[in-house]
Amino acid sequence: MNAQGVAVIGVGQTAFRSRYDEMTYPELAQEAVALALTDSKLQPEEIDAVVFSMAPTTFMGVADADKWAVDYAWARGKPFMRVHTGGATGGSAFQAAYSHVASGQYRTVLVVGADRITETPDAQFVLNLIWDAFYEQDFALNTVTMTALATQRYMHKYGTTEEQYANVVVRARRHALNNPSAHLKGAIDIAAVMASPRISWPYKLFDICPRSAGAAAVVVTTEALARERCARPAFVTGTAGVSNTVFMGDRMGPAADTDFADFSELKLAAHECYRQAGITDPMRQIQAVEIYDPFSSFQFPQLESLGFCASGTAQRLSDEGAFDMDGALAVNPSGGTLCTNPIGVTGLVRAAEAARQVMGRSAAMQVKDVHNVVATAIGGSTQFFTVTMLSDEPRRRATAG
Amino acid sequence: MSKTAATSANRVVQGEWHVRYNYPVGEVGARFFDALKERRIVATRCSASGMTYLPPRAYCERSFEKCDGFVDAGHEGTIEAATIVSAAFDNLPAPPYAIAYVRLDGVSTAMVNFVRGMDLTDVPAAAAKLKPGTRVKVQFVELPEGRITDFHYVLA
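Residues numbered from 1 in each chain as written. Chains lettered and ligands numbered in written order. Predicted model: local features only at pLDDT ≥ 70, side-chain atom pairs only at ≥ 80, totals over all residues.

1. Quick look at the overall build of chain A
A tally of helices and strands in chain A yields 13 helices and twelve strands. For a compact globule of 401 residues, the expected C-alpha radius of gyration is about 21 Å, and chain A comes in at 19 Å, within 12% of that figure. Considering only C-alpha atoms, chain A reaches an extent of 55 × 45 × 45 Å along its principal axes. Per-residue burial for chain A yields a buried fraction of 63% across its 401 residues. (Helix = DSSP H or I, 4+ residues; strand = E, 2+ residues; numbered from the N terminus. Rg over C-alpha atoms; globule rule 2.2 N^0.38 Å. Buried ≥ 20, exposed ≤ 12 C-beta atoms within 10 Å, placed from the backbone.)

2. Some thoughts on the overall build of chain B
Secondary structure summary: chain B contains two helices and ten strands in total. Listing each helix as α and each strand as β along chain B from the N terminus yields β-β-α-β-β-β-β-β-β-α-β-β. In summary, chain B has a C-alpha radius of gyration of 20 Å against a globular reference of 15 Å for 156 residues, an excess of more than 25%. Seen along its three principal axes, the alpha-carbon backbone of chain B occupies a region of about 65 × 40 × 35 Å. Here chain B holds 156 residues, and 33% of them are scored as buried. For chain B, restricting intrachain contacts to residue pairs at least 6 apart in sequence, the fraction spanning at least 24 positions comes to 46%. (Contact = placed C-beta atoms within 7 Å.)

3. Quick look at helix α8 (residues 264–277) of chain A
Residues and elements named next belong to chain A. Here α8 spans 20 Å end to end across 14 residues, near enough to the 20 Å set by a 1.5 Å rise per residue. Most of α8 is tucked away, with ten of its 14 residues classed as buried. Every buried residue of α8 is listed here: Ser-264, Glu-265, Leu-266, Lys-267, Ala-269, Ala-270, Cys-273, Tyr-274, Gln-276 and Ala-277. In this structure, the buried residues of α8 make contact with β8 (234–243), α9 (282–285), α10 (299–305), β11 (372–379) and β12 (384–391). Just downstream of α8, Gly-278 is the residue with a positive phi angle, here 70 degrees. (Expected span 1.5 Å × (residues − 1).)

4. Description of the interface of chain A and chain B
Taken together, the 36 residues of chain A in the interface contact 39 residues of chain B. When residues in the side of chain A that touches chain B are grouped by element, the largest group, seven residues, is from helix α4 (residues 143–158) of chain A.

5. Some words on the sheet that holds strand β3 (residues 42–45) of chain B
The three strands lie next to each other as β4-β3-β5 (chain B), forming an open sheet whose pairing is antiparallel. At either end of the open sheet lies a strand with only one pairing partner, and these are β4 (52–53) and β5 (69–72) of chain B. (Pairing = 2+ DSSP bridges.)

6. Topic: the sheet that holds β11(A)
All names here are of chain A. Read from one edge of the open sheet, ten strands run β3-β2-β4-β7-β1-β8-β12-β11-β9-β10, paired in mixed fashion. Strand pairing shows two members of the sheet lacking a second neighbour, β3 (80–83) and β10 (330–331), which therefore form its edges. Note: strand β9 (residues 288–290) against β10, two bridges, orientation parallel. Pairing of Val-289 across the sheet is with Val-331, part of β10. Sitting on the sheet, α8 touches β8, β11 and β12, and the angle it makes with β8 is about 150 degrees. (Axes fitted to C-alpha atoms, helices over the stretch in contact; angles between N-to-C directions.)

7. Quick look at the nonpolar core
Core analysis: the biggest nonpolar cluster contains 172 residues, and Val111(A), Val218(A) and Val220(A) have the highest contact counts within it. Of the residues forming this core, the biggest block, ten residues, is contributed by helix α13 (residues 343–359) of chain A. (Core = buried A, V, L, I, M, F, W, Y, C linked by C-beta atoms within 7 Å.)

8. Here's the deal with the environment of Thr221(A)
Residues and elements named next belong to chain A. Along the chain, Thr-221 falls in strand β7 (residues 213–222). By the C-beta count within 10 Å, which is 31 here, Thr-221 ends up buried. For the pair Thr-221 and Thr-85, spaced 136 residues apart in sequence, the C-alpha to C-alpha distance is 23 Å. Here Thr-221 is in contact with Ala-7, Ile-9, Val-101, Arg-107, Thr-108 and Ala-226, once residues within four sequence places are set aside.

9. Some points on α13(A)
Residues and elements named next belong to chain A. Here α13 spans 25 Å end to end across 17 residues, near enough to the 24 Å set by a 1.5 Å rise per residue. Where burial is concerned, most of α13 is hidden: 17 out of the 17 residues are buried. Looking at the residues trailing α13, positive phi occurs at Gly-360, about 75 degrees.

10. A few points about unusual backbone geometry
Across the junction of Leu54(B) and Pro55(B), the peptide omega takes the value -10 degrees, indicating a cis bond. Position of Pro55(B) among the secondary structure elements: in the loop between β4 and β5. Located in the positive-phi region is Phe263(A), a residue other than glycine, with phi close to 50 degrees. Along the chain, the position of Phe263(A) falls in the loop between β8 and α8. Among the residues examined, Phe263(A) registers 27 C-beta atoms within 10 Å and is labelled buried.

11. Observations regarding the packing of helix α2 (residues 89–102) of chain A against α13(A)
All names here are of chain A. Remark: α2 packs on α13, axes separated minimally by 5 Å, with the N-to-C direction vectors making an angle of 60 degrees. Relative to α13, the element α2 is oriented oblique. Touching Thr-89, Gly-90, Gly-91, Ala-93 and Phe-94 of α2 are Gly-344, Val-345, Thr-346, Gly-347, Leu-348, Val-349, Arg-350 and Ala-351, all from α13. (Parallel < 35°, antiparallel > 145°, perpendicular 65-115°, else oblique.)

12. Let's talk about the pairing of strand β8 (residues 111–115) of chain B
Residue and element names in this part refer to chain B. Of all five residues making up β8, five are buried, and the element is well covered by its neighbours. Note that strand β7 (residues 97–104) and β8 share five bridges and pair antiparallel. Residue Ile-99 lies in a different strand from β8, and its bridge partner there is Phe-114. Here β7 folds back onto β8, and the loop between the two strands holds six residues, one of which, Gly-106, carries a positive phi near 90 degrees.

13. Quick word on the environment of Ser99(A)
Within the secondary structure, Ser99(A) is located in helix α2. Residues Ser99(A) and Thr24(A) lie 75 residues apart in sequence; the distance between their C-alpha atoms is 30 Å.

14. Observations concerning the confidence of the model for chain B
Chain-level pLDDT for chain B is 94 on average; 94% of the residues reach the 70-or-more range. Across the predicted assembly, pTM comes out at 0.96 and ipTM at 0.95. (pLDDT = per-residue confidence, 0-100.)

See the structure below:
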């Protein structure tokens, strides 16, 4: 089956910060919708369906808040679905919108999400509740401790130092200086990261993303309409997702078929995404990535599993500047998730930033001569993985089947 | 759910959720938790895949067959991942504490629990003692009551 060509023709995002006390949750979502429609030069009635990107709603404290946002997203009278795969939500929501259009069911689809994590004072208690009440919840698991566990395993495997992770934070905050929407940004040094308070070994405070509020929206449509409305659309040339068991302990030791330290699931997803997009040499064919990195340790295993370098070598390349704006691969020109994390929207922001790079609309964040940009998202107990390719040309190879 | 009125100073409405739950542990879980009272840790085994699971599973996630055996896990094991928590989180234990995924002898998968009895004052020094590959043993509480918190790990 040949899928209908799909492209992004417009994106919108609010600034991200700790609080948005001047507006309610759905009003925040509406801001992003209005921005995305303006960017797409579309009227609300030209949207055929709406996909709502929202992870746990317990942070902002209205259960299943997607229903609250329906009319604010101008979805009244249209098909509407919420997608939720934890931190991978935005990646999955974007891929659902892609499928809506690729299948021929709808012509133009709006993906929108809003989140506000500081409505409740401690997100990590809410995140502890994603584990079962019998075997795992009692042991203070949350996204900080869960990923600290993976990081300790990775450090042991590859000899990574705390300073090498600190350098990732320094680069992220520097990149974010070019991003008007970024929550955290600034010129800091490795010593500042090392001096920030210890949270969960090996993490210090600066190794960890902020809790952000804000909204983002993306408009995807058919190749035909995209060419009509947009001088330089971002074509969706690959979409893949891989899920794994909630039990992290199944992903460790000699019997495991993936390694919790390496995010090996992403290798499987990247293989499928690259097959669709005709990518055979990622480092040569892909100019920038917007990867999901709420912790400083999330870049190395992802860059390795995405095929940019061999396992255990990303840390050295990072030290050498290979992932700087003018390096071999621009890693998170936006500053990434380390600088901005509105959880239910974060994966969508990755896709939006990747699309803007391809469209040449990234302003101060713009990477030169962009042809392909990959976006990832990761969620649950590090168990949902999405890989999405945005390109300046339509899909080079038809999907299998 | 309770609410207080918005104050004119900040226009923020305060709320709190109080929700109660009753979670059934299931038959496989009941066997595991009953065994804990006898200071035994019972894993499920799938003869089709050869996998032995902790936490116990009704079905094998590799073979998609029903797990067809129960085996007693060893009371010693190997750390696969660990962390030391220095920060306080709402409704979670007071820091510092150490958490580890440990693969108990005879089991294919690792199970999370606290590692107790360590001096955690110097975090990097304590972390060096919890590297993957480190051997630990299971220590039961004095009066097990059939809960996962009936035991924890200590360095072997």
